[in-house]
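# Commentary on secondary and tertiary structure
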Amino acid sequence: MKKKLINLALLSIIPIILATLTHFIWDVHLSLIAGILYVILFVFNLPSGSFMSTNSDYNIKRVNPHYKAEKQDFNSLNSQPLITLAVLVLLTIASFLIYFQQIQN
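Residues numbered from 1 in each chain as written. Predicted model: local features only at pLDDT ≥ 70, side-chain atom pairs only at ≥ 80, totals over all residues. Heavy atoms only, no water.

### A word on the overall build of the chain
Here is the rule: A run of DSSP states H or I qualifies as a helix once it reaches four residues; a run of E qualifies as a strand once it reaches two. Both are numbered from the N-terminal end. Relative accessible area decides the class of each residue, using a 1.4 Å probe on protein chains only: under 20% of the type maximum gives buried, over 50% gives exposed, and in between gives partly exposed. Contacts between residues were defined by any pair of non-hydrogen atoms, one from each residue, lying within 4.5 Å. A 1.4 Å probe and the Shrake-Rupley method give the accessible areas. Residues count as covered only by the protein chains that appear here.
Counting secondary structure elements, the chain contains 4 helices and 0 strands. Seen in sequence order, the chain has helices and strands lined up from the N terminus as α-α-α-α. Put simply, the chain has 105 residues, and 19% of those count as buried. For the chain, restricting intrachain contacts to residue pairs at least 6 apart in sequence, the fraction spanning at least 24 positions comes to 66%. For the chain, the accessible area works out to roughly 8,100 Å², and carbon and sulfur atoms hold 69% of it.

See below:
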């Protein structure tokens, strides 16, 4: 449980740190870069059997007809990946809302 909380904290904090470094180097909006990084993390944290993985299986099958896709595991969608995805979605929405407020002022 402690490892999962540390993982969730790192997923939340690392984009902010990288966005801060990018802000200091290139003077880009901090919340815009953080929002983009959260979207990337969201895509990489999608559970197996989602739209992205089935789409890539289709593309692989088109190139290699002998490819056998792994069986989808429906038990893998427990509460921890859902919590992680929910936190990433909330952080993404918050980052873009902050960015839009900054550019309006």
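### Some thoughts on unusual backbone geometry
Its identity as a non-glycine residue notwithstanding, Asp-27 has a phi of 55 degrees, on the positive side. By the secondary structure assignment, Asp-27 is in the loop between helix 1 (2-26) and helix 2 (30-44). The exposure class of Asp-27 is exposed, given its relative accessible area of 63%.

### So, the nonpolar core
This is how the line gets drawn: Among buried residues, those of type Ala, Val, Leu, Ile, Met, Phe, Trp, Tyr and Cys that are joined through side-chain atoms within 4.5 Å constitute a nonpolar core.
If you look at the biggest cluster of nonpolar residues, it comprises 5 residues: Ala-19, Ile-33, Ala-34, Tyr-38 and Leu-88. The leading source of residues in this core is helix 2, at 3 residues.

### Some details on helix 4 (residues 79-104)
Residue pairs three or four apart in sequence face the same way in an α-helix, which turns once every 3.6 residues. To keep it simple, the criterion reads: What a helix should span is 1.5 Å times the count of its residues minus one.
Taking 1.5 Å per residue, 26 residues should reach 38 Å; helix 4 reaches 37 Å between its end C-alpha atoms and fits that length. Those residues of helix 4 that are buried lie in contact with helix 1 and helix 2.

### Quick look at the environment of Ala-34
With respect to the helices, strands and loops of the structure, Ala-34 is situated in helix 2. Overall, the relative accessible area of 5% leaves Ala-34 in the buried class. Note: C-alpha distance between Ala-34 and Phe-96 (62 residues apart in sequence) is 8.6 Å. Here Ala-34 is in contact with Pro-15, Ala-19 and Ser-95, once residues within four sequence places are set aside.

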